[in-house]
Amino acid sequence: MNIFLYTILFIIGAFCGSFSELTAYRLPLKISWKKRAFCEKCNKELTIYDQIPILSYIFLNGKCKYCKNKIDKSKIIVEIIEQLKEKNCEVIFVYCNSLSSVVDFDRLATEHNIKIVTPMQMYRNLGLEYKYLAVMAANSHGLTGVENNLYVSNPSLRVLGLSMLELVKAIEENSPEKIVKDFNFEVLFNYFEQTKVEAVVLGCTHFPYIKKELEKITKLPIIDVGVFMINSMEKR
């Protein structure tokens, strides 16, 4: 019975989110409600099957079926937010650096009147506490997002950034001990210490998997932003 109820709420929330996003787009532009839904890039009218919340986005690989342009990521996020609100969710915990660096969750939180906690918010606070940080991120999108948010609070902050996609793949397949050894992290952290880095930020939500092993090879503080996010929610 509960599964059935949650499924119904999920579907209703998805359609409410889709309608909310449509309203926010059409009203300022004074677009008639009589006009069928269309792609904002090529103006091609969409079929019913092109507009199924979430599922259409997944099946179409996030692109318009006709012009192949990418669909705004915020649309699918809005649908998910509305689903969660239908279930009386009060706080949304976005545990992904890459996603929170390309979607403006602060704006969405204001527009949809719900608290959204993201890694990027925590990085702004970190920028005030240090003068020189090393950041280990999974990819260039995540690294750029982390650096930009650190600089928001402290423009003079020095950041040594590393993009390590291969580390993500290794974490999905190997033990922490093997990873630290294979990547020769002892040499890397010796370099951090020699260059007077004050702390190392794990700028990917995969990386805390190896945090305990890293702490064995260095005296530098290793920062897991997820801990800061949980503390932020608990203080709510």
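Residues numbered from 1 in each chain as written. Predicted model: local features only at pLDDT ≥ 70, side-chain atom pairs only at ≥ 80, totals over all residues. Heavy atoms only, no water.

When you line up the elements, K131 lands in the loop between α6 (119-126) and β3 (132-137). On the basis of relative accessibility, which here comes to 66%, the residue K131 falls in the exposed class. C-alpha of K131 to C-alpha of V159: the two residues are 28 residues apart in sequence and 8.5 Å apart in space. Setting aside residues up to four positions removed in sequence, K131 forms contacts with L157, R158 and E198. (Helix = DSSP H or I, 4+ residues; strand = E, 2+ residues; numbered from the N terminus. Buried < 20%, exposed > 50% of the residue type's maximum accessible area, 1.4 Å probe, protein only. Contact = heavy atoms within 4.5 Å.)

We now examine the sheet that holds β3. With respect to topology, four strands assemble into an open sheet ordered β4-β3-β5-β6, the strand pairing being parallel. Each having just a single partner strand, β4 (158-163) and β6 (222-224) make up the two edges of the open sheet. Sheet twist, expressed as the average angle between the axes of neighbouring strands with direction ignored, equals 25°. The sheet contact formed by β3 and β4 spans six bridges and is parallel. (Pairing = 2+ DSSP bridges. Axes fitted to C-alpha atoms, helices over the stretch in contact; angles between N-to-C directions.)

Of all the five residues making up strand β5 (residues 199-203), five are buried; the element is thus mostly covered by neighbouring parts of the structure. As paired elements, β3 and β5 share five bridges and run parallel to each other. If you follow A134 over to β5, its bridge partner there is V200. In the sheet, β5 pairs with β6 via three bridges, with the strands oriented parallel. Paired with V201 across the bridge in β6 is I223.

Looking at the secondary structure, you find T205 in the loop between β5 and α11 (211-215). Among the polar contacts listed, one links the side chain of T205 to the backbone oxygen of Y95, at a separation of 3.5 Å. Look past the residues within four positions of T205 in its chain and what remains in contact with it is Y95, C96 and N97. (Polar contact = N/O pair within 3.5 Å; in protein donor to acceptor, adjacent residues only side chain to side chain.)

What follows covers the pattern of salt bridges. Tallied over the entire structure, the rule returns five salt bridges. Between E111 and R107 there is a salt bridge whose closest N-O contact spans 3.0 Å. With E111 and R107 both in helix α5 (residues 105-111) and four residues apart, this pair spans about one turn of that helix. Accessibility expressed as a relative area gives 49% for E111, which makes it partly exposed. On the accessibility criterion, R107 (34% relative accessible area) is partly exposed. (Salt bridge = Lys/Arg side-chain N within 4 Å of Asp/Glu carboxyl O.)

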